[in-house]
Amino acid sequence: MMTSAILQAINGVSLAALLFLLASGFTLSFGLMRVVNMAHGAYYLLGGYIGLAVGLKTGSFTLALLAGGAAIAVIGFFVDRFLIRHTGENHLAQVLLTVGVAFVMGDVALQVWGGDNLKVPVPMFLRGAVELPGGLVYPSYRFALILFGAFVALVLWLLYKKTQIGAVVRAGVDDREQVNATGINVDRLFVLVSALASFLAGLAGVAGGAFLTLYPGAEWEILVYALVVVIVGGLGSLEGAMIGALIVGLLDAYGRWLLPEFSYFVLFGPIALLMLFRPRGLFGREH
Amino acid sequence: MPNPRLVLALAALAAALALPQFGGQFWTGLVTQMLIFGLLALSVDLLLGHAGLFSLTHASFFAVSAYTVAILQVRYGVPTVLAAPAGILAGTLLGLVFGLAVRTRGVYFILITIAFGYVVWGLAQRWSSFTGGDNGVTNVPFPAVGGLAITSHTQYYYLVLAVVIGVCFSYRVLVRSPFGLALRGIKGSETRMQSLGYRTGLHLYAAFVLSAALASVAGVLYVYYNRFVNPVASAFPISVEAALMAIVGGTGTIIGPFIGAGVLLGLRNWVSSFVEMHHAIMGAVFIATVLWAPDGLVGLAGRIRARLARKKHG
């Protein structure tokens with residue numbers, strides 16, 4: 001019982017690491033550009049498939065990760081520039097438009113990769129299990145994912161809080177017009193942040209595809225988890241995405257373990273309650 | 001000269017009544033679906049077009065009501081007289097809970113309703129001992145009240161038509177009432193309505209619950225038409241498509257959602273006869289609507305009429 005509880009905790013944290021990769025991009029692009037991009041789930045799935053293809057061809061997991069991320073960064077750029085740009089700040093239009101983009105991408109992926117569950121091959125040295133103190137045995141890959149998620153979180157946090165670019169982005173989140181008025185090219189900043197967000201989504205697809213597998217419909221399942229993460233954390237907040245990912249990851253792991261039939265309730269019930277008291281999430285601000 | 005709108009309405013009614021005679025089974029079936037999904041789209045539009053709230057959870061009320069009817073009729077042999085109202089009641093009760101989402105606005109409201117929708121979908125799929133899992137509940141009979149029973153899809157079409165017409169008249173009364181006016185006031189400017197002394201939160205909550213009740217009526221009509229229900233009915237694409245139907249047809253109108261439902265269902269039927277990718281086609285319609293016809297077809301018709309009128313006077 002005790003060991004299972006600990007294993008579930010690690011499961012939850014490794015899911016949290018994956019969700020953070022996806023949710024951080026979503027939340028930053030909302031914070032800065034006020035864009036709700038529902039195609040993020042499709043970015044994840046498509047990135048995973050592209051990573052899978054590259055991984056099978058080259059045998060390198062690192063290349064797969066980079067290719068998945070880079071391909072989606074490019075696709076995301078075009079979607080942003082030629083479609084989302086036209087919606088202004090109308091969230092309703094953005095949601096409809098990006099859901100449409102996600103439908104198109106999902107269907108194209110279905111035609112190319114078919115309807116089976118596909119798994120991105122994991123590198124040799126991550127295939128076994130690690131032994132933790134106390135005799136616990138846990139798959140190495142998911143353990144590595146936790147470290148990787150923590151690493152990305154740290155890099156993003158440093159970038160956001162300690163660098164010049166981060167300071168400008170934070171200023172942009174607070175007051176875009178002011179930043180523009182000081183002579184900073186906000187447009188270029190948007191391209192940068194949106195590329196980063198798409199890159200992370202594609203990367204997450206490859207990382208997630210190695211243990212959750214890739215299949216039609218996965219784009220919506222993962223997107224809803226990411227949405228809950230940003231609802232809990234508060235839109236536009238990086239810290240919120242970290243805490244939110246941990247809460248959602250752990251609730252999901254324990255929910256699946258203790259009440260498999262009602263796991264969605266375990267996950268969404270507390271969140272509905274939270275919403276009653278803090279409608280803008282833990283770290284959310286007025287927008 | 002008689003009122004042209006009345007003439008148009010009577011002509012449409014006559015065409016609808018005569019449809020099974022000249023349309024055959026295919027067209028009767030398609031129009032039945034159009035009426036049912038048009039009703040669902042109308043329920044979404046009560047929030048979207050009048051109150052300015054974009055809900056993406058309406059498949060939940062639709063499906064909960066459909067499941068309630070199916071489970072009661074098939075598993076417990078409950079007659080239609082009780083099962084159908086129970087379905088509407090169940091969907092409306094869920095609306096009372098999900099209505100808490102009106103504490104939020106704008107993008108938060110959209111995201112939270114999506115999350116709510118997935119709770120219902122998750123239950124439909126995973127709580128398989130009760131919902132039947134992926135297979136759902138099958139063998140739902142046609143509705144029967146006392147000795148009167150529906151025995152064919154043509155008869156059922158007339159029933160759906162009667163219900164839809166009745167609901168549309170009540171809907172018209174509702175949106176023209178002071179309550180409907182207040183909703184549009186909130187859509188225009190919530191702070192102004194608040195300073196006028198309106199309890200805007202309460203108004204939106206009431207609109208949400210009414211809208212859920214309406215979606216539940218559509219759910220009841222759906223399950224008796226389809227004769228089975230599975231988790232697809234509760235899934236996110238249904239919620240999005242319902243909203244899209246309202247937008248394609250034109251929000252804030254009564255006929256719009258039905259036109260939108262007709263266009264979308266017709267398009268899907270036609271397209272799926274030669275390609276498999278109907279989701280991609282739907283996606284393309286989403287994109288095209290946002291970019292080129294944000295006011296929908298009714299709005300487009302209005303713009304054209306305005307231009308013609310200007311020419312005539314110009």
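About the criteria used
Residues numbered from 1 in each chain as written. Chains lettered and ligands numbered in written order. Predicted model: local features only at pLDDT ≥ 70, side-chain atom pairs only at ≥ 80, totals over all residues. Helix = DSSP H or I, 4+ residues; strand = E, 2+ residues; numbered from the N terminus. Rg over C-alpha atoms; globule rule 2.2 N^0.38 Å. Buried ≥ 20, exposed ≤ 12 C-beta atoms within 10 Å, placed from the backbone. Contact = placed C-beta atoms within 7 Å. Core = buried A, V, L, I, M, F, W, Y, C linked by C-beta atoms within 7 Å. Pairing = 2+ DSSP bridges. pLDDT = per-residue confidence, 0-100. Axes fitted to C-alpha atoms, helices over the stretch in contact; angles between N-to-C directions. Left-handed = near helix turned anticlockwise from the far one by under 90°. Nonpolar A, V, L, I, M, F, W, Y, C, P; charged D, E, K, R; others polar.

1. A look at the overall build of chain B
Reasoning step 1: The helix and strand tally for chain B stands at 13 helices and 2 strands.
Reasoning step 2: A compact globule built from 314 residues would reach a C-alpha radius of gyration of about 20 Å, and chain B, at 20 Å, matches this within 12%.
Reasoning step 3: Per-residue burial over chain B gives 47% buried out of 314 residues.
Reasoning step 4: Contacts spanning at least 24 positions in sequence make up 76% of the contacts within chain B whose residues lie at least 6 apart.

2. Some points on the overall build of chain A
Reasoning step 1: A count of helical and extended segments in chain A gives 11 helices and 2 strands.
Reasoning step 2: Overall, chain A shows an N-to-C arrangement of helices and strands of α-α-α-α-β-β-α-α-α-α-α-α-α.
Reasoning step 3: Computed over its C-alpha atoms, the radius of gyration of chain A comes to 19 Å, within 12% of the 19 Å expected for a compact globule of 287 residues.
Reasoning step 4: Dimensions of chain A, computed from C-alpha atoms along their principal axes, come out at roughly 60 × 45 × 35 Å.
Reasoning step 5: Evaluated residue by residue, chain A yields a buried proportion of 52% over its 287 residues.

3. What to know about the nonpolar core
Reasoning step 1: Leu19(A), Leu22(A) and Ala115(B) are the most contacted members of the largest nonpolar core, which has 199 residues in total.
Reasoning step 2: When residues of this core are assigned to their parent elements, the largest contribution, 16 residues, is made by helix 9 (residues 200–226) of chain B.

4. Some thoughts on unusual backbone geometry
Among all residues save glycine, negative phi is the norm, and among peptide bonds the norm is trans.
Reasoning step 1: We note that Arg34(A) has phi near 60°; this positive angle belongs to a residue other than glycine.
Reasoning step 2: Inspection of the secondary structure assignment puts Arg34(A) in the loop between helix 1 (2–33) and helix 2 (40–58).
Reasoning step 3: Residue Arg34(A) is classed as partly exposed on the basis of its 18 C-beta neighbours within 10 Å.
Reasoning step 4: Although it is not a glycine, Arg227(B) adopts a positive phi angle of roughly 70°.

5. Points about the environment of Phe116(B)
Residues and elements named next belong to chain B.
Reasoning step 1: As for its position among the elements, Phe 116 is in helix 4 (residues 106–126).
Reasoning step 2: With 24 C-beta atoms counted inside 10 Å, the residue Phe 116 sits in the buried group.
Reasoning step 3: Measuring from C-alpha to C-alpha, the distance between Phe 116 and Ser 60 comes to 8.2 Å, with 56 residues separating the pair along the chain.
Reasoning step 4: Beyond its immediate stretch of four places on either side in the chain, Phe 116 contacts Thr 57, Ser 60, Phe 98 and Ala 101.

6. Regarding the pairing of strand 1 (residues 129–132) of chain A
All names here are of chain A.
Reasoning step 1: Pairing analysis gives 4 bridges linking strand 1 to strand 2 (residues 136–139), with the strands arranged antiparallel. Within strand 2, the residue paired with Leu 132 across the bridge is Leu 136.
Reasoning step 2: Counted between consecutive antiparallel strands, the loop separating strand 1 from strand 2 contains 3 residues, among which Gly 134 sits at a positive phi close to 95°.

7. A look at the confidence of the model for chain A
Reasoning step 1: When pLDDT is averaged across chain A, the result is 87; 99% of the residues are at 70 or more.
Reasoning step 2: Element-level pLDDT for chain A is lowest in helix 11 (residues 263–277) of chain A, with a mean of 75, against a maximum mean of 95 in helix 2 of chain A.

8. Looking at the packing of helix 2 (residues 58–76) of chain B against helix 10 (residues 236–249) of chain B
All names here are of chain B.
Reasoning step 1: At a minimum axis distance of 7 Å, the contact between helix 2 and helix 10 shows a crossing angle of 115°. Read as a crossing pair, helix 2 and helix 10 show a hand that is right-handed. Residues His 58, Ala 59 and Phe 62 of helix 2 touch helix 10, and the partners they reach there are Ile 238, Ser 239 and Ala 242.
Reasoning step 2: By residue class, the composition of the contact of helix 2 with helix 10 is 4 nonpolar, 2 polar and no charged.

9. Points about the interface of chain B and chain A
Reasoning step 1: Facing 33 residues of chain B, the contacting portion of chain A comprises 37 residues.
Reasoning step 2: Elements supplying a minimum of two residues to the side of chain B that touches chain A: helix 4, helix 10 and helix 12 (278–292) of chain B.
Reasoning step 3: Ranked by residue count, the leading element in the side of chain B that touches chain A is helix 4 of chain B, at 13 residues.
Reasoning step 4: Tallied by class, the residues present in the side of chain B that touches chain A amount to 25 nonpolar, 6 polar and 2 charged.

10. Observations concerning the environment of Leu123(B)
Reasoning step 1: One can find Leu123(B) in helix 4.
Reasoning step 2: Leu123(B) sits in the buried class, given 23 other C-beta atoms within 10 Å.

11. As for the confidence of the model for chain B
Reasoning step 1: In the predicted model, chain B carries a mean pLDDT of 90, and 99% of its residues have values of at least 70.
Reasoning step 2: Overall fold confidence (pTM) sits at 0.89, and the ipTM for the predicted complex is 0.84.

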